[in-house]
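A look at the structure
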Amino acid sequence: MAQHDIAIIGGDGIGPEVTREAMKVADAAAEVFGFSLKKTEYPFGSQHFLDTGEIWPDAQFEETKQMKALFLGAIGDPRLEVGKIEYGIIAKARFELDLYINLRPIKLYDERLCPLKGKGPDDVDMVIIRENTEDAYAGMHGFCHKGQHHEVATQTMVYTREGVERAIRYAFELARKRNKRKQVTLIDKANAVRAQDIWTRVFAIVAAEYEDIKTDHAYIDAACMWMVKNPEWFDVAVTPNLFGDIITDLGAMVQGGMGIAASGNLHPGQVSLFEPIHGSAPKHAGKNLASPVAAILAASMMLDYVGESTASAAIESTVVELFKSGQLKAVTTGAHPTNEVGDMVVSALRKVGASV
Ligand code: IPM
Ligand code: MG
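Residues numbered from 1 in each chain as written. Chains lettered and ligands numbered in written order. Predicted model: local features only at pLDDT ≥ 70, side-chain atom pairs only at ≥ 80, totals over all residues. Heavy atoms only, no water.

This part is about the state of the cysteines. Tallying each qualifying case throughout the model produces 0 disulfides. Between C114, a cysteine without a disulfide, and C224, which holds the nearest cysteine sulfur, the sulfur-to-sulfur distance is 16 Å. On the basis of relative accessible area, C114 is assigned to the buried category, the value being 11%. (Disulfide = S-S within 2.5 Å. Buried < 20%, exposed > 50% of the residue type's maximum accessible area, 1.4 Å probe, protein only.)

Written out as structure tokens, the structure reads:
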């Protein structure tokens, strides 16, 4: 029986409660499909930092490098200095594990979840490839004359040929593998951010190697408009880090809400991190009201990544069926008690298991 070593960080706010449900579902899938998960849970997050002063010590960080995957609930806490925990946990994992792809599927499972008039599951089925280690996120920033009226603040948008190329290549490979519209859209702002000309040029070079894949281009402002007006125009889209962050929140709304959008931070072939794309939502924490669907779907992506593709697909189709049958009504906070959603998915999954 295959065993997969997984590190788990529930994190802040609603993170621990949605993680609990996601792991409940992952464990049930392991039982039904015959593999095991060796889970190591870590207490890291803002409360742990406030209690102990540690964020993610080197010894534990090294341990996670030996695992197949990491699962993260959510991080962010208004009690901490802005960015402290974000750079200490999620950015640390992304940069130090070189998780260069942020894979963010935007898939509408049921028409009732979509706020767009007249759009259904056939119209909203795309994947955003967000470059995940560069751009304004690279951390190169500074201030001078801090606090004075002539203060200067800078942050550098960094693009390397290697970083840009590997994200674009991943997008083309994915478009081929998905075999849907067979199209990759480059989303940038090269008309204003001239450094993004490197994206324009590298995209053209890589595209030439994929004659079976169509190409498209949209500036980020227009892409936001098209995503709402004509989401069916997108198949796979690739974009720099910051625009990818922003447009995937928009995408989450189009697919039903932050409570459903999942993501994988990948370094193909190496330990990778899976998380819902939502934040810690401190005001909803501990109330058993948050939707764990995004976390459950992130767990499904994680199982696919570790090689359990049947279990992964079964979780996804179980969630789709629960929406279609009306048992799962919405993913907005309070639509269902958090634990009941996990229970619902587990019991439907066991029925799938009983029938195979
Ligand atoms: C995300 C989040 C993070 C990001 C935050 C928590 C730093 O918004 O994963 O989309 O901006 O990348
Ligand atoms: Mg974000």
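Counting 89 residues, the largest nonpolar core has F71 and V238 as the members making the most contacts within it. Per-element accounting of this core gives the leading share, 9 residues, to helix α9 (residues 293-305). Residues lining this core come from more than one domain, with at least three contributed by each of domain 1 (1-100 + 268-356) and domain 2 (115-255). Those residues in contact with F71, other than ones at most four positions away along the chain, are A7, I8, I9, T19, A22, M23, F274, P276, A295, A298, A299 and M302. Ranked by size, the runner-up nonpolar core spans 20 residues in total, among them I55, L72, I75 and I85. (Core = buried A, V, L, I, M, F, W, Y, C linked by side-chain atoms within 4.5 Å. Helix = DSSP H or I, 4+ residues; strand = E, 2+ residues; numbered from the N terminus. Domains from an automatic or database assignment. Contact = heavy atoms within 4.5 Å.)

So, on to the environment of L297. Its place among the elements puts L297 in helix α9. For L297, a relative accessible area of 6% corresponds to the buried category. Residues L297 and I260, 37 residues apart in the sequence, show an inter-C-alpha distance of 7.5 Å. Look past the residues within four positions of L297 in its chain and what remains in contact with it is Y109, I260, A262, E316 and V319.

Here we come to the pattern of salt bridges. Between side chains of opposite charge, pairing is possible as soon as their charged atoms come close. Tallied over the entire structure, the rule returns 26 salt bridges. For K119, the salt bridge is made with E232, and the minimal N-O distance between the two is 3.1 Å. Residue K119 is found in the loop between β4 (101-107) and β5 (125-131), and its partner E232 is found in the loop between α7 (220-229) and β10 (236-239); the two are separated by 113 residues along the sequence. Taken together, the shared-partner salt bridges in this structure form one network comprising R20, E21, K24 and D343. (Salt bridge = Lys/Arg side-chain N within 4 Å of Asp/Glu carboxyl O.)

Right, let's get into the environment of A335. Topologically, A335 is positioned in the loop between α10 (309-324) and α11 (338-354). For the pair A335 and I213, spaced 122 residues apart in the sequence, the C-alpha separation amounts to 40 Å.

This paragraph deals with the site of ligand 1. Lining the immediate surroundings of ligand 1 are E86, R94, R104, R130, Y137, D245 and E275. Here an oxygen atom of ligand 1 and a side-chain polar atom of R94 are 2.7 Å apart. One of the side-chain N or O atoms of D245 is found 2.8 Å from an oxygen atom in ligand 1. Contact with the protein chains covers 74% of the free accessible surface of ligand 1, which is 320 Å². Tallied by class, residues from the shell around ligand 1 come to 1 nonpolar, no polar and 6 charged. Three or more residues apiece are contributed to the shell around ligand 1 by two domains, here domain 1 (1-100 + 268-356) and domain 2 (115-255). (Near = heavy atom within 4 Å. Polar contact = N/O pair within 3.5 Å; in protein donor to acceptor, adjacent residues only side chain to side chain. Areas by Shrake-Rupley, 256 points an atom, 1.4 Å probe, with all protein chains shown as cover. Nonpolar A, V, L, I, M, F, W, Y, C, P; charged D, E, K, R; others polar.)

So, about the packing of helix α1 (residues 15-33) against α9. Across the interface, α1 lies against α9 with an axial gap of 8 Å and an inter-helix angle of 45 degrees. Classified by the interaxial angle, the pair formed by α1 and α9 is oblique. In terms of crossing hand, the pair formed by α1 and α9 is right-handed. The segment α1 lies against α9, with V18, E21, A22, M23, V25, A26 and A29 engaging A295, I296, A299, M302 and L303. Considering only residue class, the contact of α1 with α9 consists of 11 nonpolar, no polar and 1 charged. (Axes fitted to C-alpha atoms, helices over the stretch in contact; angles between N-to-C directions. Parallel < 35°, antiparallel > 145°, perpendicular 65-115°, else oblique. Left-handed = near helix turned anticlockwise from the far one by under 90°.)

This part takes up helix α6 (residues 197-207). Within the sequence span of α6, burial applies to I198, W199, V202, F203, V206 and A207. Around the axis of α6, the buried residues are gathered within 150 degrees of arc, so they sit on the same side. In the core, the buried residues of α6 are packed alongside β5, α5 (161-178), β8 (183-188), β9 (214-219) and β10. (Arc of directions from axis to C-beta.)

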